[in-house]
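For reference, the chains in residue letters:
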Amino acid sequence: MRDADALGAALAALGDVAPDVLAVQELDVGAERSGGVHQPSVVARALAAAGGDVDWRFAPTVLGVPGSGAEQLPVAGRLEDPRWPEDDRPRYGTALLVRRPVRRWSALPLRAGGLPLPLPVRHPTTDRPGLLVVRDEPRVAVAAELDGVTVVAAHLSFAPPVGLRQLRAVRAWAASLPGPVLLVGDLNLPGSLPARVLRARALVTRPTYPLPEPTRQLDHVLALPPAGDRRDHPLLPWRTDEVDLALGVGDHRPLCVDLEVPARG
């Protein structure tokens, strides 16, 4: 979307559902393709319509636009907030937004794959299937440490071997964060695979991609087992209910879950 008002209108359902934590991937700041809009700020305003202050961080992974053919400068690991100084360089990345007090923010840069890869795409006018060869870009995980839970948002590589390597790096990093830990976001890994690799509990199971008729789950909400717990099915005391959330933007179905978080020991 090239218009901030149109993007805000597409996100209006956030005000009705009022999530306390929102993870959003593939956001632009200052990019020509999206009208120069600062998309994380627009998302923050839409979430603020639910009431209460919104604390957020935007974690750019590159300066530039992936897939544009122009030069991209990796910057994964940098965290921008509403006080970030004016910067007209286009950038792209992941945002984590919270309507609860955040004790600490942190980010983990994730190394990209080294080889260009073919991606299945459809022609924008004929809808015929084809392949687009693209270079993988750096990725990032963003953590917000809250009272009672730490939430880690990640957007992993579309190349499965690279995505699995990044997933394990996120898991090792999450072990250093105050538990319990939730891992959320577009992990680009299908079905039960991320939960099985991490021995985690999947809190939502449903197809998320592609819209309008999703056929596979690439987006996940995972409760990570405590560090050092090697049981296949750790008994974590999460209580959950899924919430319907339909947004007028994006090519993935959003996941929304209502959690009763276990007390920290």
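Whatever comes next refers back to the structure up there.
If you're wondering where the values come from, they're calculated on a predicted model, not measured in any experiment.

Peer 1: Please explain helix α3 (residues 39-48) as it appears in this structure.
Peer 2: Here α3 lies mainly inside the structure; eight of its ten residues are buried. Among the residues of α3, those classed as buried are Gln39, Pro40, Ser41, Val42, Val43, Ala44, Ala46 and Leu47. Tucked inside the fold, the buried residues of α3 contact α1 (4-10), α2 (13-17), β1 (21-29), β2 (55-63) and β4 (91-98).

Peer 1: Looking at this structure, how should I read the sheet that holds strand β5 (residues 102-110)?
Peer 2: Remark on secondary structure: sheet strands pair via backbone hydrogen bonds, oriented parallel or antiparallel. Across the sheet, which stays open at both edges, the six strands sit in the order β5-β8-β9-β10-β12-β11 with mixed pairing between neighbours. Looking at the sheet topology across the chains shown, the edges are occupied by β5 and β11 (201-202). Examined bridge by bridge, strand β9 (residues 150-155) and strand β10 (residues 181-186) share four bridges and lie parallel to one another. Residue pairing in the sheet places Thr150 in a bridge with Val181 of β10. Across the sheet, helix α4 (residues 160-174) touches β5, β8 (139-146), β9 and β10, and the angle it forms with β5 is around 150°.

Peer 1: I would appreciate a short explanation of the nonpolar core in the present structure.
Peer 2: Nonpolar side chains in soluble globular proteins tend to be buried together. Within the largest apolar cluster, 22 residues are counted, with the highest numbers of intra-cluster contacts made by Val152, Leu167, Leu183, Leu222 and Leu224. If you list the elements that add at least two residues to this core, you get β5, β8, β9, α4, β10 and α5 (193-198). Ranked by the residues each element gives to this core, the list is headed by α4, at five residues. Residues in contact with Leu183, not counting those within four places in the same chain, are Val152, Ala154, Leu167, Val170, Leu198, His220, Val221, Leu222 and Leu224. Residues Leu96, Trp105, Val204 and Val257 belong to the second largest nonpolar core, which totals 20 residues.

Peer 1: In this structure, what is going on with the environment of Thr205? I would like to understand it.
Peer 2: Within the secondary structure layout, Thr205 lies in the loop between β11 and β12 (219-223). Placed 13 residues apart in sequence, Thr205 and Ser192 show a C-alpha to C-alpha distance of 8.4 Å.

Peer 1: What am I meant to see in the sheet that holds β1 here?
Peer 2: In spatial order, the strands read β1-β4-β2-β3; together these four strands make up an open sheet with antiparallel pairing. Two strands lie at the open edges of the sheet, namely β1 and β3 (73-74), each paired on one side alone. Examined bridge by bridge, β2 and β3 share two bridges and lie antiparallel to one another. Note on β3: the bridge partner recorded for Val62 is Pro74. Relative to the sheet, α3 contacts β1, β2 and β4, its axis offset from that of β1 by approximately 150°.

Conventions we followed
- As a convention, each chain's residues are numbered from 1 in the sequence order in which they are written.
- Totals for whole chains, interfaces and linings use every residue, but because this is a predicted model, local features are given only for residues with pLDDT of at least 70 and side-chain atom pairs only at 80 or more, for both listing and counting.
- Only heavy atoms go into the side-chain values, all of them from the structure, while hydrogens and water stay out.
- Type-normalised accessible area, obtained with a 1.4 Å probe on protein chains alone, sets the label of each residue: buried when under 20%, exposed when over 50%, and partly exposed for intermediate values.
- A run of DSSP states H or I qualifies as a helix once it reaches four residues; a run of E qualifies as a strand once it reaches two. Both are numbered from the N-terminal end.
- The contact rule is simple, with two residues in contact once any of their heavy atoms fall within 4.5 Å.
- For two strands to pair, DSSP has to find at least two bridges joining them.
- Each axis is a line fitted through C-alpha atoms, taken for helices only over the stretch in contact, and angles between the N-to-C directions span 0 to 180 degrees.
- Throughout, nonpolar core names a set of buried Ala, Val, Leu, Ile, Met, Phe, Trp, Tyr and Cys residues whose side chains join them through atoms within 4.5 Å.

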